[in-house]
There are 2 protein chains.
Amino acid sequence: MSEVTLLSLLEAGEGQYISGEMISKQLNVSRTAVWKQVRKLEAEGYQIEAVSRLGYRLMGKPSRLSLHELLPKLNTKKFGRNLRLIDVTPSTQDEVKKLAEQGSPEGTLVIAEQQTSGRGRMGRAWVSPAGKGIWMSLLLRPPVPVHQTPQLTLLAAVALSRAISKLTSLDIGIKWPNDLLVDGRKISGILLETAAEDERLKYIVVGMGISVNLDKADFKEELHSKAISLKMLTGQTISRTELIVSIMENFEQLYELYLEQGFAPIRALWEAHSITLNQHTTLYTPQGLISGIPRSLDNLGGLSIELEDGSFRTIYSGEIGMSPLQ
Amino acid sequence: MSEVTLLSLLEAGEGQYISGEMISKQLNVSRTAVWKQVRKLEAEGYQIEAVSRLGYRLMGKPSRLSLHELLPKLNTKKFGRNLRLIDVTPSTQDEVKKLAEQGSPEGTLVIAEQQTSGRGRMGRAWVSPAGKGIWMSLLLRPPVPVHQTPQLTLLAAVALSRAISKLTSLDIGIKWPNDLLVDGRKISGILLETAAEDERLKYIVVGMGISVNLDKADFKEELHSKAISLKMLTGQTISRTELIVSIMENFEQLYELYLEQGFAPIRALWEAHSITLNQHTTLYTPQGLISGIPRSLDNLGGLSIELEDGSFRTIYSGEIGMSPLQ
């Protein structure tokens, strides 16, 4: 006989309430311990309803990604073909960096159900609860010199934005260089980590975090005005499998276009999706605060900004609208 | 009483010959084993003369670098101030990368007496025998965007070339991007490894290998026409301490100039030291073979090449004169 656990009891209940007292007896633990186990299952993505005097009832299980479901749908040459799913990891970035150093091929993809130390830009923490989002990292080995990496940062933003738009019909704006926003609130963060030797790129690890099916309660209070999920925006649970497939396909397509035709077509797409251009903007840069109106991207992916005196200045590194220390 | 070793016997001899037979008896090993131990000591930098019928004699000990000697001579603000000397390591690059990830400050320097897996460009092995060269890595955290890293590759070449010239009066030529040559033979290799997040540089580890006091026998046969040491060129043993100090000072000075005034003065210095410009050249690039006459550096550090039809093409990544597979 398999071990009796809270989950096995709830599953045996088949959607009916099971009293806390009964669970407590069966597991031989206190009522408080039962409550703690319930919270733990919820953190893993189980939906459990608690009603006083009735008890607990299982409403939904976490949707797990599976290779069986993902691989047959993936219509790509390289992207996602070498695929690893993991339950919990500090950060998918570190997983792929390790694989990159060991010689894994371009297109290698690691997806985690949950990240415990997800990172955003500037070392900011990135909320990555279990089963509700897409937390993944993709390995690229583009045969381009290191000074072109900022172009790939912008390419990644266009690829994700197009993939999400197609699946959800949401109107997604790109904030320079690569934040994806809907109605001013962030739905996705992208972080490219690059390793280079002299002028040669060794590899790029593209970290992607997408708030797919997170509920309001999954975001910290202070993020409520700044971040939102696709589910909150559309009122529907989005298939993570479909979205991952769509991202891989769109990303590979744009990447091939870039290797064939260079940055020009990517730049045009980025500019079309941008919410940064032609808006008065304040940038926090390593050289200090800069205010002006971004007008276009330059050849390298820098932001060409019209200053108040009418002159132009190109910014390659900086944060829009908030201090990097925030 | 301390253990009797080959070294203690040779040292007790105070420059006099000690017969192989006596050593063999004292150590209770075969004559062949004695010979193997002699070779091992030589590999560590000991100079041992072997004369048949007379025996072995200690002619010189490896000159060890010491913090006591180095630090008081170092007239820098940051470069080399956080200094670590180690005896043997696979690669000083990996040591400094670890320190960089742990937050070590700019200017951190790791010097090894010996590297067991020294790396050059394109993953080539780099000969780094004990005590005879300078094998070191310097940590930089320049507040510049990632597309400017090739400029720092060129800056490093200028810094080393100036430091070595000052100390040895040798006429050093820079082969694009950063090999240092005297009379067509390589005396130093530089390898910059860069880590970036999006458009922001996280850090650069500048690996420097300088063949200071290597003898001809230290180079493999196939390198004799390609590589040479400062000692072989000047006929003199060069103080590694003086050279390290000179490199740190020259490097910091140029680096400060670069941060203040940008790439223009560095470019001018590089062009003045270059042996690549205005010579017919074949480059192996990721896009294939390119032949022409390099005429200048562009703003980013790329090589502007005049092709046979008179048109110009700028190359950012490639190897001059030999296949990257060699």
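No experiment lies behind these values; they were computed from the predicted model shown.

### Thoughts on the relation of the copies chain A and chain B
- Note on the identical chains: chain A maps onto chain B by a rotation of 180° and an axial translation of 0.1 Å, with an RMSD of 0.5 Å. The transformation just described matches what one would write down for a two-fold rotation axis. Distance from the rotation axis, computed per C-alpha, reaches its smallest value in chain A at A:His147: 1.9 Å.
- A shared binding surface is used by both copies, with 100% of the interface residues of chain A retained as interface residues in chain B.

### Focus on helix 6 (residues 149–168) of chain A
- With 20 residues, helix 6 of chain A should reach 28 Å at 1.5 Å per residue; the first-to-last C-alpha distance of 29 Å fits that figure.
- Following helix 6 of chain A by one or two positions, A:Ser169 has its phi on the positive side, about 60°.

### A short note on the domain arrangement of chain A
- Per the domain assignment, the segments of chain A are domain 1 (6–60), domain 2 (67–273) and domain 3 (281–320).
- Each of domain 1 of chain A and domain 3 of chain A was reduced to a C-alpha centroid, and the two centroids are 55 Å apart.

### Focus: the pattern of salt bridges
- Scanning the model with the defined rule gives 41 salt bridges over all chains in all.
- A:Glu95 is paired through a salt bridge with A:Arg84; the nearest N and O atoms lie 3.6 Å apart. Here A:Glu95, found in helix 5 (residues 92–101), pairs with A:Arg84, found in strand 3 (residues 83–89); they are 11 residues apart in sequence, far enough to count as distant.
- A salt bridge links B:Lys97 to B:Glu193; the shortest N-O distance between them is 2.9 Å. With a gap of 96 residues between them, B:Lys97 in helix 5 (residues 92–101) and B:Glu193 in strand 8 (residues 185–197) connect regions that are remote in the sequence.
- The network of salt bridges with shared partners includes A:Glu101, A:Glu197, A:Lys202, B:Asp94, B:Lys97 and B:Glu193.

### Quick word on empty space enclosed by the protein
- The final tally for this structure, using the stated rule, is four cavities of 30 Å³ or more.
- If you add up the space inside the largest cavity, you get close to 60 Å³.
- Lining of the largest cavity is provided by A:Glu199, B:Pro150, B:Thr153, B:Leu154, B:Trp176, B:Pro177, B:Leu300, B:Gly301, B:Gly302, B:Ile315 and B:Tyr316.
- At three residues, helix 6 (residues 149–168) of chain B tops the list of elements feeding residues into the lining of the largest cavity.
- Residue classes in the lining of the largest cavity are distributed as seven nonpolar, three polar and one charged.

### Observations concerning the interface of chain A and chain B
- Taken together, the contact between chain A and chain B spans 33 residues of the former and 33 residues of the latter.
- Together, the buried faces of chain A and chain B total about 2500 Å²; carbon and sulfur atoms form 48% of this surface.
- Summed over the three residues of chain A that lose the most area to chain B, namely A:His147, A:Asp198 and A:Glu199, the buried surface amounts to 26% of that side.
- Between chain A and chain B we count two salt bridges in total.
- With a shortest N-O distance of 3.9 Å, A:Glu193 and B:Lys202 are connected by a salt bridge.
- Along the contact surface separating chain A from chain B lie six residue pairs in polar contact (both at pLDDT 80 or more).
- Where the side of chain A that touches chain B is concerned, the elements lending two or more residues are helix 6, strand 8 (185–197) and strand 9 (200–210) of chain A.
- In terms of residue count, strand 8 of chain A provides more of the side of chain A that touches chain B than any other element does, eight residues in total.

Reading guide: rules and limits
- Residues numbered from 1 in each chain as written.
- Chains lettered and ligands numbered in written order.
- Predicted model: local features only at pLDDT ≥ 70, side-chain atom pairs only at ≥ 80, totals over all residues.
- Heavy atoms only, no water.
- Least-squares fit on C-alpha atoms with pLDDT ≥ 70 in both.
- Contact = heavy atoms within 4.5 Å.
- Helix = DSSP H or I, 4+ residues; strand = E, 2+ residues; numbered from the N terminus.
- Expected span 1.5 Å × (residues − 1).
- Domains from an automatic or database assignment.
- Salt bridge = Lys/Arg side-chain N within 4 Å of Asp/Glu carboxyl O.
- 1 Å grid on protein atoms, 1.4 Å probe; cavity = no way out; pocket = protein on both sides within 12 Å on 5 of 7 lines; lining within 4 Å.
- Points joined across faces, edges and corners; volume = space filled by probe spheres on them.
- Nonpolar A, V, L, I, M, F, W, Y, C, P; charged D, E, K, R; others polar.
- Buried area = accessible area lost by both parts, 1.4 Å probe.
- Polar contact = N/O pair within 3.5 Å; in protein donor to acceptor, adjacent residues only side chain to side chain.

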